[in-house]
Amino acid sequence: MHKPLLTSLALAACCAAALAQTPKLPLESSDEGAIYVSPNLSPTEKAATANGGTLGLQRKDGSGAYGGVDTSGARPNYSLGASTGGDVSFSAGAHSDGKANKGIKAGVTVRY
């Protein structure tokens, strides 16, 4: 009887973690959109360590672009990407540390 409850809670926690996004702190905002920074923070008991961050542009229609660096690993990992806006949005991005760790990603978001 407790297994279905535990399974449901575990599934809910996984879904919440998958939907969670890092906070975007606006640097400048206007009617057209916003320029934001999203720091990559690692919290400890008494402080937080910044391990790079992302600088991006988000427009009101959902389109935008970003670039950033993550220094939490052995080598800094650089990333960049962009997305279109509207009801059908296309996105693409790439990341690399300059050696073996590299990749690309692409996606389509349909809003209805």
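Just so we're clear, the structure is a prediction, and the values are computed from it rather than from any experiment.

Student: Give me the lowdown on the overall build of the protein, citing residues and values where you can.
Tutor: Across its full length, the protein holds one helix and seven strands. Secondary structure elements in the protein, listed N-terminal to C-terminal, are α-β-β-β-β-β-β-β. Burial analysis of the protein (112 residues in total) assigns 14% to the buried set. Taking all contacts inside the protein whose residues are at least 6 apart in sequence as the whole, residues at least 24 apart take part in 14%.

Student: Residues and numbers for the environment of Y66, please.
Tutor: In this structure, Y66 sits in strand β4 (residues 64-70). On the accessibility criterion, Y66 (26% relative accessible area) is partly exposed. As for Y66 and A82, which are separated by 16 residues in sequence, their C-alpha atoms are 6.3 Å apart. In contact with Y66, other than residues within four places in its own chain, are Y36, T54, L55, G56, S79, L80, G81, A82, G93 and K105.

Student: Any details on the pairing of strand β1 (residues 25-29)? Residues and values, ideally.
Tutor: Judged by how many residues are buried, β1 sits mostly at the surface: zero of five residues are covered. Where β1 lies against strand β2 (residues 33-43), four bridges are found, and the strand directions are antiparallel. Directly across from L25, in β2, lies its bridge partner V37. The turn linking β1 back onto β2 is made up of three residues.

Student: I'd like a rundown of a nonpolar patch on the surface, residues and numbers included.
Tutor: Together, V88, F90, V108, V110 and Y112 make up an exposed nonpolar region whose accessible area comes to about 620 Å². Sorting the residues of the nonpolar patch by element identifies β6 (88-96) and β7 (102-110) as the ones contributing at least two each. Position of V88 relative to the elements: it lies in strand β6. Assessed through its relative accessible area of 41%, V88 is described here as partly exposed.

Student: Before we move on, can you summarise the sheet that holds β1 with the specific residues and values?
Tutor: One open sheet accounts for seven strands, arranged β1-β2-β3-β4-β5-β6-β7; its pairing is antiparallel. In this open sheet, the two strands that pair with only one neighbour each are β1 and β7. Within the sheet, the average angular offset between the axes of one strand and its neighbour, ignoring direction, is 15 degrees. Two elements, β6 and β7, share nine bridges in a ladder whose sense is antiparallel. If you follow H95 over to β7, its bridge partner there is G103.

Student: Could you give me a rundown of the environment of K102, with the residues and numbers involved?
Tutor: With respect to the helices and strands, the residue K102 is situated in strand β7. On the accessibility criterion, K102 (57% relative accessible area) is exposed. Distance from K102 to S79, taken between C-alpha atoms, is 9.4 Å for residues 23 residues apart in sequence. Apart from the residues within four sequence positions on either side, K102 is in contact with H95 and S96.

Procedures and definitions
Residues numbered from 1 in each chain as written. Predicted model: local features only at pLDDT ≥ 70, side-chain atom pairs only at ≥ 80, totals over all residues. Heavy atoms only, no water. Helix = DSSP H or I, 4+ residues; strand = E, 2+ residues; numbered from the N terminus. Buried < 20%, exposed > 50% of the residue type's maximum accessible area, 1.4 Å probe, protein only. Contact = heavy atoms within 4.5 Å. Pairing = 2+ DSSP bridges. Patch = residues over 30% accessible without salt bridge, like charges linked within 9 Å, V, L, I, M, F, W, Y side chains within 5 Å. Areas by Shrake-Rupley, 256 points an atom, 1.4 Å probe, with all protein chains shown as cover. Salt bridge = Lys/Arg side-chain N within 4 Å of Asp/Glu carboxyl O. Axes fitted to C-alpha atoms, helices over the stretch in contact; angles between N-to-C directions.

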